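Residue-level structure breakdown
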Amino acid sequence: MSELTVSRYEPSQAADWNAFVANSRNGTFLHDRRFMDYHADRFIDASLIVERSGKIIAVVPANRDGDKVVSHGGLTYGGMIAGKAMRTDLMLETFDALTDHLRCSKVAQFIYKPTPHFYHNAPLEEDLYALSRFGGRLLQTDASAAIPIPRRPKESQSRRQGAKRAAQAGITVTESQDWAAFWCILTGVLAERHNTTPTHSLAEIEGLVRAFPGRIRLFSALQDGHMLGGVVCFDCGRCIHVQYIAVGPGGREDGALDAIILHLIQDVFADRDWLDFGISTTDGGRNLNTGLAQQKEMFGARCVVYQRYIIDL
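Remember, it's a predicted structure, so these values are computed and weren't measured experimentally.

Conventions used here
Residues numbered from 1 in each chain as written. Predicted model: local features only at pLDDT ≥ 70, side-chain atom pairs only at ≥ 80, totals over all residues. Heavy atoms only, no water. Phe/Tyr/Trp six-rings, centres within 6.5 Å; stacked < 30°, edge-to-face > 60°. Helix = DSSP H or I, 4+ residues; strand = E, 2+ residues; numbered from the N terminus. Buried < 20%, exposed > 50% of the residue type's maximum accessible area, 1.4 Å probe, protein only. Core = buried A, V, L, I, M, F, W, Y, C linked by side-chain atoms within 4.5 Å. Contact = heavy atoms within 4.5 Å. Pairing = 2+ DSSP bridges. Axes fitted to C-alpha atoms, helices over the stretch in contact; angles between N-to-C directions.

1. Concerning the packing of aromatic side chains
- Tallied over the entire structure, the rule returns 20 aromatic pairs.
- Taking the centre distance of 4.6 Å and the plane angle of 25° together, the rings of Tyr 77 and Tyr 119 count as stacked. A residue pair is termed long-range when its members are at least 10 positions apart, and Tyr 77 in the loop between strand E6 (68-71) and strand E7 (81-82) and Tyr 119 in the loop between strand E8 (109-112) and helix H4 (126-133) qualify at 42 residues. We note that Tyr 77, like Tyr 119, is buried.

Below you can see the structure in the form of structure tokens.
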């Protein structure tokens with residue numbers, strides 16, 4: 001077997017990187033350089049490419065943070081994005097070459113955030129086994145909630161009643177391109193209820209929508225043509241990720257959110273495997289927002305986790 005080589009990603013390799021991610025077993029469009037690089041000014045890129053006989057077998061989206069390398073600070077998940085040729089023994093060789101490369105680059109710790117299984121196109125947990133072999137320690141676990149769409153538990157009666165109430169109030173659910181209207185609602189809700197701001201600015205999300213047509217979609221609840229709220233979905237293939245949810249006071253009372261979510265799982269994405277609501281934890285996973293978790297579970301979601309590991313080099 002040919003020796004593996006590990007090298008730093010260069011912008012000139014963007015097309016090769018993107019083509020590999022698109023055909024990988026566990027990559028999503030979030031690992032595409034066009035998505036990663038929208039916030040390139042906030043991170044020191046330290047992404048890596050692993051090759052065998054001149055052919056890419058894995059990529060690692062990553063950034064440098066002092067004497068640490070993180071995979072990747074701007075992404076919820078990542079880790080080793082691997083292709084169809086990856087096998088368990090090859091993953092061990094890959095981790096060996098990767099950790100050697102990091103040591104030679106004066107890296108003291110490697111923070112690793114594996115892609116959760118429900119985003120995989122085909123199972124890829126060889127990296128989790130390799131972590132156990134290379135001294136990886138569990139650093140953080142965050143609780144998310146995902147609906148297994150084809151075999152989902154039945155949503156609660158209150159969620160069904162909410163959707164019925166929305167219909168009686170004349171609320172309709174439709175896909176929308178009015179990102180400015182939704183961002184106004186989202187910004188207000190986040191400021192009022194959580195004292196925070198959206199991860200993306202309006203200009204950033206509109207740029208990403210143009211870069212990934214059909215992958216980033218807004219579904220809104222309308223009443224007499226007025227937007228009451230909406231849900232932003234990232235279409236990651238088998239898994240649909242709910243990136244943003246925001247509904248104004250009137251929409252909350254009339255079940256607008258119930259109408260949107262049930263429309264998504266019963267109609268728009270009925271042929272997919274998962275709908276992931278995202279994490280319900282704060283403070284590095286130590287605190288569970290019980291009310292938020294229960295709200296998701298009432299739609300038929302159940303707990304899934306996002307984890308991160310650390311390897312001392």
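2. What about the nonpolar core?
- Ranked by size, the top nonpolar core spans 41 residues in total, and within it Phe 35, Phe 182, Ile 216, Val 232 and Phe 234 carry the most contacts.
- If near-sequence neighbours (up to four positions away) are discounted, Phe 234 is found in contact with Phe 29, Leu 30, Phe 35, His 200, Ile 205, Arg 215, Ile 216, Cys 239, Ile 240, His 241 and Gln 243.
- Listed in part, the 28 residues of the second largest apolar core include Leu 90, Leu 102, Leu 124 and Leu 131.

3. A closer look at the sheet that holds strand E2 (residues 44-45)
- Pairing is mixed across the open sheet formed by eleven strands, whose spatial order is E2-E5-E6-E8-E17-E9-E14-E13-E12-E11-E10. In this open sheet, the two edge strands, each paired with only one partner strand, are E2 and strand E10 (171-176).
- With eight bridges joining them, strand E11 (residues 216-223) and strand E12 (residues 226-235) adopt antiparallel strand pairing. Across the sheet, the residue bridging to Ser 220 is Gly 230, located in E12.
- On the sheet, helix H6 (residues 179-194) packs against E10, E11, E12 and strand E13 (239-247) and is oriented at approximately 95° with respect to E12.

4. Concerning the environment of Trp 274
- Relative to the elements of secondary structure, Trp 274 occurs in strand E14 (residues 274-276).
- Assessed through its relative accessible area of 12%, Trp 274 is described here as buried.
- Linking Trp 274 and Asn 63, residues 211 residues apart in sequence, is a C-alpha distance of 29 Å.
- Once residues within four sequence positions are removed from consideration, Trp 274 is found in contact with His 117, Phe 118, Ala 146, Ile 147, Pro 148, Ile 149, Arg 151, Arg 238, Cys 239 and Ile 240.

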